[in-house]
Amino acid sequence: MKKGRFIVLEGIDGSGTTTHSNKLADYLKSKNYEVIVTQEPSEGPIGKTIRDYLFHGWGSPAVHALLFAADRVEHTEKVIKPLLERGVIVISDRYIESSIVYQTAEGLDTCWIEEINKFIVEPDLTIYLDVDPEVALDRKKGMRDTFERVEFLKKVRRIYLERAKDKDYPIMNTNRPIEVVHKEIVRCVESYLSR
Ligand SMILES: Nc1ncnc2c1ncn2[C@@H]1O[C@H](COP(=O)(O)OP(=O)(O)OP(=O)(O)O)[C@@H](O)[C@H]1O
Ligand SMILES: [Mg+2]
């Protein structure tokens, strides 16, 4: 029986999902909630394989989709569900939307991706962080993996925006300063928690 809340932050590479997952968790902890941040790819063995795979750029879209789906089953069963059952607020830095958006951007169809992800826990709240891909890549600098190319990220962003509008996910413009975005995310989450 699920008692906790499951919040997911989504967005293109460099949109700030890690920054804002951590800042949101710190804020909620300061309000005495029990909160855990987790992320995808996970820290488990499949997550490590994915990082290695993406870093070396041996990309086949179907392999990406299957690896991410396998990692998500393990992450959900071993980490997310037990925490939710304990009543914890779980914040995941990426989840199912990342698979749907990145792998449809790579040419796969949504139905198949949803099918191989049928063991997920539905997030209670998904927040989409929207940023200009050029700004995002500029913030990241350093090493880039398979997905971190501007043309590809433009496509990914377009799909994220379409889905966010379709699914009514709150959209945060992360071209703005971190603290401004953080306050808006806090408002959104507080309004959700008080419902
Ligand atoms: N609104 C912002 N303004 C300026 N810099 C930002 C903003 N948001 C994030 N950053 C900076 O951009 C960099 C990337 O942010 P972050 O790691 O949170 O992005 P991410 O979406 O998790 O990226 P990745 O896809 O690599 O996991 C960090 O150095 C972070 O401090
Ligand atoms: Mg990150």
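Below, the structure is looked at part by part. None of the values given here were measured: they were computed from a predicted structure.

## Things to note about the overall build of the chain
Counting its secondary structure elements, the chain contains eight helices and five strands. Tracing the chain from N to C terminus, the helices and strands come up as β-α-β-α-α-β-α-α-β-α-α-β-α. Taken over C-alpha atoms, the radius of gyration comes to 16 Å for the chain, in line with the 16 Å a tight globule of 195 residues would show. Dimensions of the chain, computed from C-alpha atoms along their principal axes, come out at roughly 45 × 35 × 30 Å.

## Examining the packing of helix H1 (residues 17–30) against helix H8 (residues 178–193)
Taken N-terminus to C-terminus, the directions of H1 and H8 make an angle of 55°; their axes are 10 Å apart at the nearest point. What the angle tells us is that H1 and H8 run oblique. Along this stretch, H1 crosses H8, giving a crossing that reads as right-handed. Of the residues in H8, those touching H1 at Thr 19, His 20, Lys 23, Leu 24 and Tyr 27 are Ile 178, Val 181, His 182, Ile 185, Val 186 and Val 189. Grouping the amino acids of the contact of H1 with H8 by side-chain chemistry returns seven nonpolar, three polar and one charged.

## Examining the site of ligand 1
Neighbouring ligand 1 are 15 residues, the closest being Asp 13, Gly 16, Thr 18, Thr 19 and Arg 139. Secondary structure elements with two or more residues in the shell around ligand 1: H1, helix H6 (133–140) and H8. Take the shell around ligand 1: its biggest share by element is three residues, from H1. When its residues are assigned to classes, the shell around ligand 1 shows three nonpolar, eight polar and four charged.

## Regarding the nonpolar core
By size, the foremost hydrophobic cluster in this structure holds 37 residues, and its most contacted members are Ile 91 and Val 156. For this core, the elements supplying multiple residues, two or more each, are strand E1 (5–11), H1, helix H3 (61–85), strand E3 (89–93), helix H4 (96–105), strand E4 (125–130), helix H7 (150–167) and H8. If we ignore the near neighbours within four places in the chain, the residues touching Val 156 are Ile 12, Val 101, Tyr 102 and Ala 105.

## A closer look at the sheet that holds strand E5 (residues 171–173)
If you walk across this open sheet you meet the five strands as E2-E3-E1-E4-E5, and the pairing is parallel. What marks the edges here is a single partner per strand, and that holds for strand E2 (35–39) and E5. Each neighbouring strand pair of the sheet contributes to a mean axis angle of 20°, computed without reference to strand direction. Where E2 meets E3, five bridges bridge the pair, whose relative direction is parallel.

## So, the packing of H3 against H4
Running from N to C, H3 and H4 cross one another at 175°; their axes reach a closest spacing of 10 Å. Put simply, H3 runs roughly antiparallel to H4. Here Pro 61, His 64, Ala 65, Phe 68, Ala 69 and Arg 72 of H3 lie close against H4, whose contacting residues are Ile 96, Ser 99 and Gln 103. Considering only residue class, the contact of H3 with H4 consists of five nonpolar, three polar and one charged.

About the cut-offs
- Residues numbered from 1 in each chain as written.
- Chains lettered and ligands numbered in written order.
- Predicted model: local features only at pLDDT ≥ 70, side-chain atom pairs only at ≥ 80, totals over all residues.
- Helix = DSSP H or I, 4+ residues; strand = E, 2+ residues; numbered from the N terminus.
- Rg over C-alpha atoms; globule rule 2.2 N^0.38 Å.
- Axes fitted to C-alpha atoms, helices over the stretch in contact; angles between N-to-C directions.
- Parallel < 35°, antiparallel > 145°, perpendicular 65-115°, else oblique.
- Left-handed = near helix turned anticlockwise from the far one by under 90°.
- Contact = placed C-beta atoms within 7 Å.
- Nonpolar A, V, L, I, M, F, W, Y, C, P; charged D, E, K, R; others polar.
- Near = placed C-beta within 6 Å.
- Core = buried A, V, L, I, M, F, W, Y, C linked by C-beta atoms within 7 Å.
- Buried ≥ 20, exposed ≤ 12 C-beta atoms within 10 Å, placed from the backbone.
- Pairing = 2+ DSSP bridges.

In short, geometric facts, not functional conclusions.
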